[in-house]
Amino acid sequence: QAKQAGKNTVRMFHANMSAALQIKVDLENDLHEAILNDRIELHYQPRFNSDGSICSVEALARMRSRSGELIPPAQFIPIAEETGLIIPMGEQVLRKACRWVQDTNKKLKKPISVSVNVSGIQLLDGQLCATVEKVLKLSGLAPEMLELELTETVLMQNQDAVLQDLNKLHALGVILSIDDFGTGYSSLATLHRMPVQSIKLDRSFVSDLPDKVDSVVLSRTVLAMAKALGLKVVAEGVETSEQRDFLIDAGVPELQGFGLARPMTADDSRQFVWAQQITSDSAKKILV
Ligand code: C2E
Ligand code: MG
Ligand code: MG
Ligand code: MG
């Protein structure tokens, strides 16, 4: 009887495995098709100066599935990376983001910049710089209006090859920043060697502000370190007015988070940015 149960268990395990595998294969096929059929959508989340004006937006990819639902990046980026589809997808994302900000800036007195997330796979591919150069030329966007958000992990591995490409991107005039800063293990020495201009303080530091002493100490330490290295700090994941006030008091010049503005569709975010600059007198009442 034990043997029987064992057999059943094994069979169930196999059944589950193939179901999970099937979901993955389906998603992979859907992603491939989504890239071909323009079903990778970009939503944009505004980033604010401490005075409440918008300085930038972050482009965030979503996949519109065959059945029309919106799939979050946590579900398809890992597959895109595993399959190499991140390369063509990444180029599409860059093109769209640059075109969006160019079009948006036509109606703005003070132009905003756009930041695009870049996977380590794109950087290790060796073509990123050429792609960025091509996309900038095509869109006419000034290089300093494009920011690339990199993760700490990629900066830590394969340092020399990566460093060369980063230097080329920096020479183009593109802004480089480190995303989710504080969650990885980059050392001061590494950071100092990289042509990086800013860091995005990870949401996990922000979420317990201002009440939890550890978070206060950690965030202040990161800020002091960034200052010493001449890096700009952007706080991400700002959800409450207390967090906002603490960060502004601590000297963080730029903030992003659901409490200020959520990611919005391309159309909605453009309207949001336009409306916000028109009413820039009331910008000080940031939304939280
Ligand atoms: P990320 O670059 O750190 O982007 C910020 C994520 O946090 C976004 O999630 C955003 O919606 C969310 N967020 C913003 N403010 C808040 C807040 O106040 N509270 C909370 N709880 N969350 C907030 P999203 O859009 O699901 O993206 C997740 C991650 O997927 C991104 O993290 C980024 O690493 C990756 N990703 C998104 N688009 C792309 C892309 O085009 N290429 C690549 N390689 N990765 C991308
Ligand atoms: Mg990011
Ligand atoms: Mg983060
Ligand atoms: Mg981030």
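Here, the structure is the one placed above.
Right, let's walk through the structure included here. (Residues numbered from 1 in each chain as written. Chains lettered and ligands numbered in written order. Predicted model: local features only at pLDDT ≥ 70, side-chain atom pairs only at ≥ 80, totals over all residues. Heavy atoms only, no water.)

Section: the site of ligand 1
- Not every one of the 22 residues close to ligand 1 is listed here, only the nearest: Arg 62, Asn 117, Asp 179, Glu 239 and Phe 258.
- At a separation of 2.5 Å, a nitrogen atom of ligand 1 approaches a polar side-chain atom of Glu 239.
- Its free accessible area being 800 Å², ligand 1 has 81% of it covered by the protein chains.
- With four residues, the single largest contributor to the shell around ligand 1 is strand 2 (residues 54–64).
- The residue inventory of the shell around ligand 1, partitioned by class, reads nine nonpolar, five polar and eight charged. (Near = heavy atom within 4 Å. Polar contact = N/O pair within 3.5 Å; in protein donor to acceptor, adjacent residues only side chain to side chain. Areas by Shrake-Rupley, 256 points an atom, 1.4 Å probe, with all protein chains shown as cover. Helix = DSSP H or I, 4+ residues; strand = E, 2+ residues; numbered from the N terminus. Nonpolar A, V, L, I, M, F, W, Y, C, P; charged D, E, K, R; others polar.)

Brief notes about the pairing of strand 2
- Within strand 2, 10 of the 11 residues are buried, leaving the element largely enclosed by the surrounding structure.
- For strand 1 (residues 40–49) and strand 2, the ladder comprises nine bridges, and the chain directions are antiparallel. Paired with Tyr 44 across the strands is Ala 59, a residue of strand 2.
- Joining the antiparallel neighbours strand 1 and strand 2 is a turn of four residues, in which Gly 52 adopts a positive phi near 95°.
- With four bridges connecting them, strand 2 and strand 4 (residues 113–117) associate as parallel partners. (Buried < 20%, exposed > 50% of the residue type's maximum accessible area, 1.4 Å probe, protein only. Pairing = 2+ DSSP bridges.)

Some words on helix 10 (residues 213–228)
- Under the 1.5 Å per step criterion, the end-to-end length of helix 10 is 23 Å for 16 residues, consistent within 8% with the ideal 22 Å.
- Packing partners of the buried residues in helix 10 comprise strand 6 (175–181), strand 7 (198–201), helix 9 (203–206), strand 8 (232–235) and helix 11 (241–249). (Expected span 1.5 Å × (residues − 1). Contact = heavy atoms within 4.5 Å.)

Re the packing of helix 3 (residues 86–105) against helix 5 (residues 128–139)
- Taken N-terminus to C-terminus, the directions of helix 3 and helix 5 make an angle of 30°; their axes are 10 Å apart at the nearest point. Considering the angle they form, helix 3 stands roughly parallel to helix 5. Of the two possible hands of crossing, helix 3 and helix 5 adopt the one that is right-handed. Together, Glu 91, Leu 94, Arg 95, Cys 98, Arg 99 and Gln 102 of helix 3 and Leu 128, Thr 131, Val 132, Lys 134, Val 135, Leu 138 and Ser 139 of helix 5 make up the contact between the two elements. (Axes fitted to C-alpha atoms, helices over the stretch in contact; angles between N-to-C directions. Parallel < 35°, antiparallel > 145°, perpendicular 65-115°, else oblique. Left-handed = near helix turned anticlockwise from the far one by under 90°.)

Re the coordination of the magnesium ion (ligand 3)
- Around the magnesium ion (ligand 3), the protein contributes the donor atoms Asp 180 (OD) and Glu 236 (OE), which lie 2.1 to 2.3 Å from the metal centre.
- Separating the magnesium ion (ligand 3) from the magnesium ion (ligand 4) is a gap of 3.1 Å, bridged by Asp 180, which donates to each. With a gap of 56 residues between them, Asp 180 in strand 6 and Glu 236 in the loop between strand 8 and helix 11 connect regions that are remote in the sequence. (Donors = N, O, S within 2.8 Å, 3.2 Å for Na, K, Ca; no water.)

Describing the state of the cysteines
- Taken as a whole, this structure holds zero disulfides when the rule is applied.
- Unpaired in this structure, Cys 129 has its nearest cysteine sulfur neighbour in Cys 98, at a distance of 13 Å.
- Judged by its relative accessible area of 9%, Cys 129 falls in the buried class. (Disulfide = S-S within 2.5 Å.)

Things to note about the environment of Gly 173
- Among the structural elements, Gly 173 can be located in the loop between helix 7 (159–172) and strand 6.
- Taking the C-alpha atoms as reference, Gly 173 lies 8.3 Å from Ala 142; in sequence the two are 31 residues apart.
- Sequence-distant contacts of Gly 173, that is, excluding residues within four places in its chain, are made with Pro 143 and Glu 144.

Brief notes about the pattern of salt bridges
- With the rule as written, the count across this model stands at 17 salt bridges.
- The partner of Glu 41 in a salt bridge is Arg 64, with the nearest N and O atoms 2.7 Å apart. Of this pair, Glu 41 sits in strand 1 while Arg 64 sits in strand 2; the two residues are 23 residues apart in sequence, bridging distant segments of the chain.
- What you see here is one network of salt bridges that share partners, running through Asp 30, Glu 33, Arg 39 and Arg 66. (Salt bridge = Lys/Arg side-chain N within 4 Å of Asp/Glu carboxyl O.)

Treat this as a map of the structure, not an account of what it does.
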